Amino acid sequence: MLAQARRAQSSLAKRFDVKKFKSLLETKTVGRSVTYVDVTTSTMDEADKLLKNGCPSGAMVLADSQTDGRGRNQRPWYSSSGQNLYVSFILRPKTIRDVVSLNFAAPLAIAMAAEGAGGVKGALIK
């Protein structure tokens, strides 16, 4: 019982703090609308629901765990709890050039932010 209580307490202490995250943002668009869930089938499923409800460009969906995560080309994505933060962004680029730029700039920016602000060394982007 005590071990279970400690694990639960540890898990709660590591929960993503949306309010703190928003307070640290310096962006005008990306991350201004944030949805956080502990567990979801996939952040892409949650993002699809938000899209259908007219969420703004730059909205983010974050999760501690995914039960049916998918990556590019619908590849399965193993998403255990307490190990990573899983995220999907909703962006509405206006031109093809914007789409191409995002494909290169977004992963690089995320890795740089993880290394700079999060103290993560050698951040990997899949």
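Residues numbered from 1 in each chain as written. Predicted model: local features only at pLDDT ≥ 70, side-chain atom pairs only at ≥ 80, totals over all residues. Heavy atoms only, no water.

**So, the pattern of salt bridges**
Pairing between side chains becomes possible if they bear opposite charge and their charged atoms approach one another. Here the structure, examined in full by the defined rule, presents three salt bridges. Of the charged contacts, one joins arginine 70 and aspartate 45 as a salt bridge, the two residues approaching to 2.7 Å between their closest N and O atoms. With a gap of 25 residues between them, arginine 70 in strand β2 (residues 59-70) and aspartate 45 in helix α3 (residues 43-52) connect regions that are remote in the sequence. For aspartate 45, a relative accessible area of 24% puts it in the partly exposed group. The closest approach of N and O atoms between lysine 52 and aspartate 48, which form a salt bridge, is 3.1 Å. Linking lysine 52 with aspartate 48, this pair stays in helix α3, spanning four residues, or about one helical turn. (Salt bridge = Lys/Arg side-chain N within 4 Å of Asp/Glu carboxyl O. Helix = DSSP H or I, 4+ residues; strand = E, 2+ residues; numbered from the N terminus. Buried < 20%, exposed > 50% of the residue type's maximum accessible area, 1.4 Å probe, protein only.)

**A look at the pairing of β2**
β2 sits mainly inside the fold: nine of its twelve residues count as buried. In this sheet, β2 lies alongside strand β1 (residues 34-40) in parallel orientation, the contact comprising six bridges. The residue of β2 that forms the bridge with valine 37 is alanine 63. Once you follow β1 into α3 and on to β2, the crossover reads as right-handed. Both β2 and strand β4 (residues 86-90) contribute to a ladder of five bridges, which runs antiparallel. (Pairing = 2+ DSSP bridges. Right-handed = clockwise from strand over helix to strand, strands pointing away.)

**Here we look at the environment of glycine 31**
Inspection of the secondary structure assignment puts glycine 31 in the loop between α2 (18-24) and β1. Sequence separation between glycine 31 and glycine 58 is 27 residues; the distance between their C-alpha atoms is 5.7 Å. In this view, glycine 31 contacts Phe21, Lys22, Leu25, Gly58 and Met60; residues no more than four positions away in its chain are not counted. (Contact = heavy atoms within 4.5 Å.)

**Focus on unusual backbone geometry**
Positive phi, close to 60 degrees, is recorded for glutamine 74, a residue that is not glycine. Examined against the element boundaries, glutamine 74 turns out to sit in the loop between β2 and β3 (76-79).

**Notes on the side chain of serine 88**
Along the chain, serine 88 falls in strand β4. We classify serine 88 as buried; its relative accessible area is 10%. A distance of 2.6 Å separates polar atoms of two side chains, one belonging to serine 88 and the other to threonine 43. A polar side-chain atom of serine 88 sits 3.5 Å from the main-chain amide nitrogen of methionine 44. The contacts of serine 88, once residues within four sequence positions are left out, are Thr43, Met44, Ala47, Ala59, Met60 and Val61. (Polar contact = N/O pair within 3.5 Å; in protein donor to acceptor, adjacent residues only side chain to side chain.)

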